[in-house]
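Residues per chain, in single letters:
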Amino acid sequence: MPAKSLLQAIHEGLAEEMRADESVMVLGEDVGHAGGVFRVTQGLQDEFGPERVMDTPLAESLIVGAAIGLSVNGMRPVAEIQFADFIPPAFDQIVNEAARFYYRSNGAWNVPITVRVPYGVVPGGALYHSQSVEAWFCNTPGLKVVAPSFPADAKGMLKSAVRDPNPVLFFEHKKAYRLIKEEIPEDDYSVPLDRAKVHRQGGDITVVSYGMTLHQVLEAAARISEEHGVEAEVVEPMSLYPLDRETILEAARKTGKFLVVSEANLTGSVSGEIAALVAREAFEWLDAPVMRLGAPDTPAAPFARPMMDFFVPSPEKIESAMLELARY
Amino acid sequence: MAQPVTMPQLGESVTEGTIARWLKAEGDEVQRDEPLCEVDTDKVSAELPSPLAGTLEKILISEGTTVDVGTEIALMAVAGEEESPNGESPPTEEFPAAGTEAQPVAAGGASRSAAVRDAGDGHSKVESAATLRRTRSSPVVRRLAAEHDIDIRQITGTGIEGRVTRKDIESYIAEREAAPAAPPEPETVEREPMERERVAVHEGDRVVELTSVRRAIAQRMSASKREAPHAWTMVEVDVTGLVGLRERVKEEFAGREGVKLTYLPFIVRAAVEGLKEHPVLNSVWDGDRIVLRKKVHVGVAVDLEDALIVPVVRDADELNILGLARKIDEVVRKARGGALTPDDVSGGTFTVNNPGALGSVVSTPIINHPQAAILSAEAIVKRPVVRDDAIAVRSMMNLEVSFDHRILDGGAALRFLNTVKKRLESYSPESRVVS
């Protein structure tokens, strides 16, 4: 099995679903002829034609609105929002229409769309190419919000998202696109949308994280195990909405010391919801205050590199938060 | 701004107090340190000085009610300026919304001061996070402590600021389970069960609720009788010489020292000498061993009409008759004035009971548990006794000891009694009391 990047894995997942099901199609800005700004859709228009791999105007409301219309007429569209920062024009379509169509029509129409959303801080991304906007959608019943961080999971979850009868927001950390590689099973497999994943077993502290910070948490966990003998249980939520409460709570109760790390602005973040869940449901097991690490309440993200580095939870900050929790 | 006044801790190991009497009424102006109410705790009553100056706004705990230390008992409206909250810095987070650049959070203002917790002083302060970390630790540690009946203060904590962590308590439990069964904790005060059959109350009967002192006496006497197998013995002491001595010097002594000379200092002095010679009577039963106390702290039973209280004369072996007379006079005055502190009534290693002052000629006292023994000195009465095969009229006193038969036997008790007896009989009217 060759190692593949997150980007390649998502590309493969899309291509395989389009080959398997004629109703699966892709639409978005520069996804066709150009193959997408990140090259996720490269070659798809050549293989499946311009009607199934459709370039759209720079109008996110239209992209999602058209996907909704297509979906209730039998298609399974995968809409790409070029950068998560550009999603606000589509907010009304996602929150007021896609999320509630099934409910509003008393079950007559469901909206099987997938909205791919590249997010997260990258060097030079600055204000319009850096944000982590997942929390905006994680209090909207009717949506599923997922954020896989590893290539194999991303491929399997993308397939599940395409096949799911509900609107799924599929968050892809763009810094991880080419950085994170792993071997991917060659058979046709899928990964469920609603299961968190325990990446590492440990008895001292529990850390929940997703996106780039998950990778940094795993590296820090290996480091503090070797240098300090602290064993961290590391859990990736995979689905941000709804949360796999059982898996998260089991890991929290196991150690009684709980930390959530993400690079989103901390206040009102998904981390807050996870922390609240643990504070309520794992209270009798807690041996330390529930802790969170995230970005400060300033806009994502500063252009200047030192400021950007300060903005995101750095590997050093993550390690020191984990040690602080272990020593509490 | 109303601030709470809480039940203070009036001594080590005191966990609750009873409001005996409110000295101020709602609406009264109260100065700082002015007595606010009388509080009964185990064995002592004390006046609670007001921790705050202001108006007594509301009495939260009525007279006769017993509450835990730390419970809010009253609210005081504190006059004048509102203190700024200790250690609370205003929020500094800056939100980059238009028009709010570096906007400070509105300073002062009623809304903010209403929202912050009172600053108060020691009496009304919420316990600090550091204290709570040490004494309560965390939810899981509290749960494990409750499940295994552990006082977490016994465990050495390895967490932040000495906090007991889950691992600390888990290894403590593992060690405890691995170790052979520990001797049971020395029995402390036992509570009467809440549910009990009531005595029938008939017309005209008066029902008196227990004061905390009465309850403490009841609990301690029951615990002592239940725990310690009591044995008792008595000797007769011819104190004719001592009586003559006291008659000779008492007026001069009172004039010179300002303290009435009673028989009690002589009895305590003799008892102390007896304890020095027979230290087993100055000891404590400890399950599988006996602890012989080096210090000699003698409790002196004082009758208060509605209660018995036992203030302690510390290091009684370092005091002569004059020193004992002064010290006993002082603690008796304090006891009668209700001014004893918890420290004044704790730490005794032996007790001298003096029912003779009330005319008793024989008594079988209950040991002041967990002490080993208690000495009772009875009334001095003139009796015809045989001396050198002739009948003589002598001043006689019965001297008894009740002792914990686990610790010592009748032989040791009588050897002690005879030492005391010999010492008391050695006085003559010509003895020098004090230099």
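Residues numbered from 1 in each chain as written. Chains lettered and ligands numbered in written order. Predicted model: local features only at pLDDT ≥ 70, side-chain atom pairs only at ≥ 80, totals over all residues. Heavy atoms only, no water.

**Topic: the overall build of chain A**
A tally of regular secondary structure across chain A gives twelve helices and 14 strands. Partitioning the intrachain contacts of chain A with sequence separation of at least 6 by distance along the chain shows that 82% fall at a separation of at least 24. Summed over its atoms, the accessible surface of chain A is roughly 13200 Å², and 53% of this surface lies on carbon and sulfur atoms. (Helix = DSSP H or I, 4+ residues; strand = E, 2+ residues; numbered from the N terminus. Contact = heavy atoms within 4.5 Å. Areas by Shrake-Rupley, 256 points an atom, 1.4 Å probe, with all protein chains shown as cover.)

**Notes on the overall build of chain B**
A count of helices and strands for chain B gives nine helices and 18 strands. When the 435 residues of chain B are sorted by exposure, 40% land in the buried category. Restricting to contacts in chain B with at least 6 residues of sequence separation, those with at least 24 account for 64%. When the accessible surface of chain B is split by element, carbon and sulfur atoms take 50% of a total near 24400 Å². (Buried < 20%, exposed > 50% of the residue type's maximum accessible area, 1.4 Å probe, protein only.)

**As for unusual backbone geometry**
One can expect most non-glycine residues to show negative phi and most peptide bonds to be in trans. Residue Pro242 of chain A is reached from Tyr241 of chain A by a cis peptide bond, and omega for that bond is -5°. Of note, Pro242 of chain A is situated in the loop between β12 (239-241) and α9 (245-255). Residue Ala301 of chain A is bonded to the preceding Ala300 of chain A through a cis peptide linkage, with omega at -10°. For Ala301 of chain A, the location among the structural elements is in the loop between β14 (291-295) and α11 (305-311). Despite not being glycine, Glu161 of chain B shows a phi value in the positive range, around 55°. As for its placement among the helices and strands, Glu161 of chain B is situated in the loop between α3 (139-148) and α4 (166-178). Glu161 of chain B sits in the partly exposed class, given a relative accessible area of 43%.

**Considerations on the packing of aromatic side chains**
Centre distance and the angle of the planes are the two values used to describe a pair of aromatic rings. Evaluated as defined, the whole model comprises ten aromatic pairs over all chains. Ring centres 6.2 Å apart and planes at 90° place the aromatic pair Phe101 of chain A and Trp109 of chain A in the edge-to-face group. Between Phe266 of chain B and Tyr427 of chain B the ring centres are 5.2 Å apart and the planes differ by 85°, which places this aromatic pair in the edge-to-face class. Of this pair, Phe266 of chain B sits in helix α7 (residues 264-277) while Tyr427 of chain B sits in the segment after α9 (410-425); the two residues are 161 residues apart in sequence, bridging distant segments of the chain. Chaining the aromatic ring pairs together yields one cluster made of Phe38, Phe83, Phe86 and Tyr177 of chain A. Directly above the aromatic system of Phe101 of chain A lies the positively charged group of Arg104 of chain A, at a separation of 5.4 Å from the ring centroid. Between Arg253 of chain A and the ring centre of Trp285 of chain A, over which it is positioned, the NZ or CZ distance is 4.6 Å. (Phe/Tyr/Trp six-rings, centres within 6.5 Å; stacked < 30°, edge-to-face > 60°. Lys NZ or Arg CZ within 6 Å of the ring centre and 35° of its normal.)

**Here we look at the interface of chain A and chain B**
Taken together, the 15 residues of chain A in the interface contact 18 residues of chain B. Of the roughly 1200 Å² buried between chain A and chain B on both sides combined, carbon and sulfur atoms contribute 45%. When the buried area of chain A at its contact with chain B is split by residue, Asp287, Asp297 and Tyr328 of chain A rank highest and sum to 46% of it. Connecting chain A to chain B are two salt bridges. In this structure, Arg163 of chain B engages Asp287 of chain A in a salt bridge whose closest nitrogen and oxygen atoms are separated by 2.9 Å. Taken together, the links from chain A to chain B amount to twelve residue pairs in polar contact (both at pLDDT 80 or more). Here the residues of the side of chain A that touches chain B are counted per class, giving six nonpolar, two polar and seven charged. (Buried area = accessible area lost by both parts, 1.4 Å probe. Salt bridge = Lys/Arg side-chain N within 4 Å of Asp/Glu carboxyl O. Polar contact = N/O pair within 3.5 Å; in protein donor to acceptor, adjacent residues only side chain to side chain. Nonpolar A, V, L, I, M, F, W, Y, C, P; charged D, E, K, R; others polar.)

**Considerations on the pairing of strand β17 (residues 373-387) of chain B**
Residue and element names in this part refer to chain B. For strand β16 (residues 350-353) and β17, the ladder comprises three bridges, and the chain directions are parallel. Residue pairing for β17: Val352 is matched across the bridge by Leu375. Examined bridge by bridge, β17 and strand β18 (residues 390-404) share 13 bridges and lie antiparallel to one another. In the strand pairing of β18, Pro384 is matched with Val393. (Pairing = 2+ DSSP bridges.)

**A short note on the sheet that holds β18 of chain B**
Residue and element names in this part refer to chain B. Taking strand neighbours across the sheet as the criterion, the six strands line up as β9-β18-β17-β16-β12-β15 in an open arrangement whose pairing is mixed. In the strand order of this sheet, the two ends are held by β9 (230-238) and β15 (312-313), each with one partner. Pairing analysis gives three bridges linking strand β12 (residues 298-300) to β16, with the strands arranged parallel. Residue pairing across strands places Val300 opposite Val352, the latter belonging to β16.

**A word on the side chain of Ser271 of chain A**
Residues and elements named next belong to chain A. Within the secondary structure, Ser271 sits in helix α10 (residues 270-281). Among the residues examined, Ser271 registers a relative accessible area of 0% and is labelled buried. Excluding residues within four positions of it along the chain, Ser271 makes contact with Val260, Ser262 and Arg292.

**Examining the pattern of salt bridges**
Under the definition given, this model contains 46 salt bridges over all chains. For Glu12 of chain A, the salt bridge goes to Lys4 of chain A, with nearest N and O atoms at 2.6 Å. Of the charged contacts in the structure, one is a salt bridge between Arg406 of chain B and Asp404 of chain B, with a shortest N-O distance of 2.6 Å. Under the relative-accessibility criterion, Arg406 of chain B is labelled partly exposed at 23%. What emerges from the salt-bridge pattern is a single network uniting Lys4, Glu12, Glu16, Glu17, Lys155, Lys159, Arg163 and Asp188 of chain A.

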